[in-house]
Amino acid sequence: MIKSHKAVLVALSFSLIGAVSARADATAASPASRGEYLARAGDCVACHSVPGGKAFAGGLKMGSPLGAIYSTNITPDRETGIGDYTLEDFDRAVRRGIAKDGHHLYPAMPYPSYAKLTDEDVRALYDFFMKEVPPAHQPNPKNEIPWFLGFRWPLAVWNLLFTNSASYVVKPDHDAAWNRGAYLVQALGHCGACHTPRGLTWQEKALDEGGAAYLSGAPLDGWSAPNLRGNLRTGLGQWTEADLIAFLKSGHNRDGTVFGSMIDVVNNSTPYLTDDDIAAIVVYLKSLPATTAEPAYAYDNGTTEALRDKQPSQGAAALYVGRCAVCHGTDGKGFSPYLPPLAGNPTVLDSDPSSLINLVLNGSTPLVVKGSPDAYRMPQFRIELTDAQIADVVSFIRAGWSNDATPVGAAQVSELRKTTDPTSDRVIILKMR
Ligand code: HEC
Ligand code: HEC
Ligand code: HEC
């Protein structure tokens, strides 16, 4: 029993989203059909395409400590894609994670979320893939998992234990907008696949608002997907509905700017949703209570005054003034919405500093909202700054302006430097440009 549990554990210890990078989309038009709209909401293209490749032809390499796996060709090509899938086959793959030939898919394909799709939406998606996506003849690369770890049967056990295979059930004690939002977030948007912490066997600790862990923040391939609940400092407690709408539609708001693996979501999915659907997502997210009581953030001018009066020439403060202040301001308030504030920013206050370190090391990938690229991106400091300097400057912004977050050590920077370096053999992910 213990042994087979271990097998499940090993087979499932994947890092979630692999080498996902910005896929600038040439066809920035609004979705033409209901199925295409749903494919946008499910962000299928982000995983099932490679930059510059044919849409949905697969081949995206996804990181895993066992070896790389690749997303598959889901165009209607009969030989290399899903052209011979019936509606039932497609449904079984998307909602239950079983391919046509019966093998279990790795949950890098977010079928535990898609399990909640309605029958009508699965049918509309099927029609889109069969009738509107052009077939692309492109054989699937072989997964690089050693044969002795490559058995897929433990996945059947895992599915039994952790996947709830029923469609979303409307909650009558909530209104239509809340229910629509819950459906979009939990099912198609698979927000929890990144934002909900995972247990020992890689299962999401909660699949809906019934669990306090739901969307409470999780580490993810060198980033931290932050808390999306009402937490006042580390969550969305101080974001207004308008802030959230702006972020999902444009990747910017007065509090922050999208980066890391969230770029895929904004480049390919949320800006294509209707205003009503975005509003519904926001209603649902705003209904999630905080996991812990945190005092509200209040701006404190002390850091700004110290930087202006003392004009530091060495140490962390000097690094901040020399490398960061030109864009983020001596007052830490940035120049919104293009140069985000660091004061009171939930990303900066996050108990997991991975996103901060990763961003300072490697900078940000392109943001392209419906075809328009963003002019301002965070530069990388991988070459200019040492691990100790990055630790110092990140600790400085975490302490300044009464941010009051814990300091960061050079060892944490050194670890992320290795795992995000394209020339290292310890790379977890190659998402940096
Ligand atoms: C987070 C990444 C990700 C997203 C998002 C995603 N997929 Fe997948 N999908 C995968 C991976 C990886 C596989 C292959 C898994 C394996 O080989 O075990 C896969 C496999 C599949 C398969 C099985 C195909 C075959 O070769 O037999 C289908 C069908 C599929 N996905 C459809 C979809 C649809 C439809 C959407 C959007 C609603 C979608 N996927 C979104 C990662 C993703
Ligand atoms: C592929 C993984 C992934 C998926 C899927 C994903 N996110 Fe994110 N999200 C992240 C990461 C990483 C960040 C941190 C970077 C940033 O702030 O842009 C983030 C940040 C955010 C933020 C900004 C929070 C803050 O405090 O700055 C919001 C809001 C958000 N996500 C909402 C969503 C919603 C809603 C969904 C589902 C529709 C979703 N995310 C799906 C990875 C993901
Ligand atoms: C040339 C201008 C520029 C400089 C210099 C710069 N940044 Fe940034 N930074 C940006 C831009 C633009 C963004 C938002 C877009 C993005 O994420 O790429 C950003 C984003 C950030 C974020 C994420 C905030 C959020 O939630 O969106 C942090 C944290 C950050 N920078 C810290 C730093 C630190 C620390 C330094 C100095 C070591 C620094 N930046 C130097 C332009 C700059």
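The rules behind these values
- Every chain is numbered on its own, with residues counted from 1 as its sequence reads.
- Chains and ligands are labelled sequentially in the order written, the chains with letters from A and the ligands with numbers from 1.
- For this predicted model, a pLDDT threshold of at least 70 governs which residues receive local features, and a threshold of 80 or more governs which side-chain atom pairs are given and counted, while totals over whole chains, interfaces and linings are taken from all residues.
- Placing a C-beta atom from the backbone of each residue, we mark the residue near a molecule or strand if the atom is within 6 Å of it.
- Counting from the N terminus, the helices are DSSP H or I runs at least four residues long and the strands are E runs at least two residues long.
- As a working rule, the residues Ala, Val, Leu, Ile, Met, Phe, Trp, Tyr, Cys and Pro are called nonpolar, Asp, Glu, Lys and Arg charged, and the rest polar, with Gly in that last group.
- Here, residue contact means that the backbone-derived C-beta atoms of the two residues sit within 7 Å.
- Remark: nonpolar core denotes a set of buried Ala, Val, Leu, Ile, Met, Phe, Trp, Tyr and Cys residues whose joining runs through C-beta atoms within 7 Å.
- In this scheme the burial state of a residue depends on its C-beta neighbours within 10 Å: 20 or more other such atoms mean buried, 12 or fewer mean exposed, and anything in between means partly exposed; the C-beta positions come from the backbone.

Trainee: Before we go on, may I ask you to explain the site of ligand 1 in this structure?
Mentor: In the neighbourhood of ligand 1, 26 residues make up the surrounding shell, with Gly42, Cys44, Cys47, Thr72 and Met109 lying closest. Those elements that provide at least two residues to the shell around ligand 1 are α3 (44-47) and α4 (87-96). Residue classes in the shell around ligand 1 are distributed as 20 nonpolar, four polar and two charged.

Trainee: In this structure, what is going on with the site of ligand 2? I would like to understand it.
Mentor: Within the structure, ligand 2 sits among 27 residues, and Gly189, Cys191, Cys194, Met262 and Pro346 are positioned closest to it. Of all elements in the fold, only α9 (191-195), β4 (223-225), α10 (241-250), α11 (262-268) and α15 (346-349) reach the threshold of two or more residues within the shell around ligand 2. By residue class, the composition of the shell around ligand 2 is 18 nonpolar, eight polar and one charged.

Trainee: Looking at this structure, how should I read the environment of Tyr168?
Mentor: Here Tyr168 shows up in the loop between α7 (154-162) and α8 (176-188). Taking C-alpha positions, Tyr168 is 10.0 Å from Arg180, a pair spaced twelve residues apart along the chain. Ignoring sequence-local partners within four residues, the contact set of Tyr168 consists of Lys116, Thr118, Tyr183, Gln186 and Ala187.

Trainee: What am I meant to see in the nonpolar core here?
Mentor: Residues Ile281 and Leu285 are the most contacted members of the largest nonpolar core, which totals 71 residues. The leading source of residues in this core is helix α12 (residues 275-286), at seven residues. Not counting chain neighbours up to four residues away, the residues in contact with Ile281 comprise Gly181, Leu184, Val185 and Leu248.

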